[in-house]
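Reading the structure
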Amino acid sequence: MPRRRVAPRQRPTGRPTPERVETKADGDWHFRPLRGSSKTYRCPGCGQLIAVATPHVVAWPVEKALLSEAAIDERRHWHSACWTRKH
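Residues numbered from 1 in each chain as written. Predicted model: local features only at pLDDT ≥ 70, side-chain atom pairs only at ≥ 80, totals over all residues. Heavy atoms only, no water.

1. Quick word on the pattern of salt bridges
Just so we agree on the cut-off: Any Lys or Arg side-chain nitrogen found within 4 Å of a carboxyl oxygen on Asp or Glu counts as a salt bridge. Labels follow the DSSP assignment, with helices taken as runs of H or I lasting at least four residues and strands as runs of E lasting at least two, numbered in each case from the N terminus. The classification of residues rests on relative accessible area computed with a 1.4 Å probe and restricted to protein chains. Under 20% of the type maximum is buried, over 50% is exposed, and intermediate values are partly exposed.
Under the definition given, this model contains 3 salt bridges. Among the ionic pairs, Asp-26 bridges to Lys-86, the shortest N-O distance being 2.8 Å. Of this pair, Asp-26 sits in the loop between β1 (20-24) and β2 (27-34) while Lys-86 sits in the segment after α1 (80-85), placing them 60 residues apart in sequence. Residue class for Asp-26 comes out partly exposed when judged on its relative accessible area of 46%. Residue classification places Lys-86 among the buried residues on the basis of a relative accessible area of 18%.

2. Here's the deal with the sheet that holds strand β6 (residues 76-78)
What links the strands of a sheet is backbone hydrogen bonding, and the strands pair in either a parallel or an antiparallel sense. This is how it is decided: Strand pairing requires that DSSP identify at least two bridges connecting the strands. Every axis in this analysis is a line fitted to C-alpha atoms, fitted for helices over the stretch in contact. Angles between the N-to-C directions lie between 0 and 180 degrees.
Ordered in space as β1-β2-β5-β6, the 4 strands form an open sheet in which the pairing is antiparallel. Only two strands of the sheet have a single neighbouring strand rather than two, namely β1 and β6. Strand-to-strand, the axes of this sheet are offset by a mean angle of 40°, without reference to chain direction. Relative to strand β5 (residues 56-61), β2 runs antiparallel, the two being bridged by 6 bridges. Paired with Arg-32 across the strands is Val-58, a residue of β5.

3. So, the nonpolar core
Inclusion rule: Only buried residues count toward a nonpolar core. Its members are Ala, Val, Leu, Ile, Met, Phe, Trp, Tyr and Cys residues joined through side-chain atoms within 4.5 Å. The contact criterion used is simple: two residues touch if any of their non-hydrogen atoms lie within 4.5 Å.
Trp-29, Phe-31, Cys-43, Ile-50, Val-57, Ala-59, Trp-78, Cys-82 and Trp-83 form the largest nonpolar core, which has 9 residues in total. If you list the elements that add at least two residues to this core, you get β2, β5 and α1. With near-sequence residues (within four places) excluded, Cys-43 lies in contact with Gln-48, Ile-50, His-77, Trp-78, His-79 and Cys-82.

Shown next, in the form of structure tokens:
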């Protein structure tokens, strides 16, 4: 009888990191540190790619932009260092 293939167990990721609010020169921003992701993103701070599984920050404005339906639609992924340097 052939053996049944069993999927490997997923490690618990722990609790998601709660978002915080930080004030920058262009307003207040929600931001959340991430351990990494399964896709690449382009950092708006430096224009470089954030590689898969690289710890980084996701941020979005507290106030929605004039033509946006929701502020969360404006979230962007940043290198942690680029977010820290953001004015």
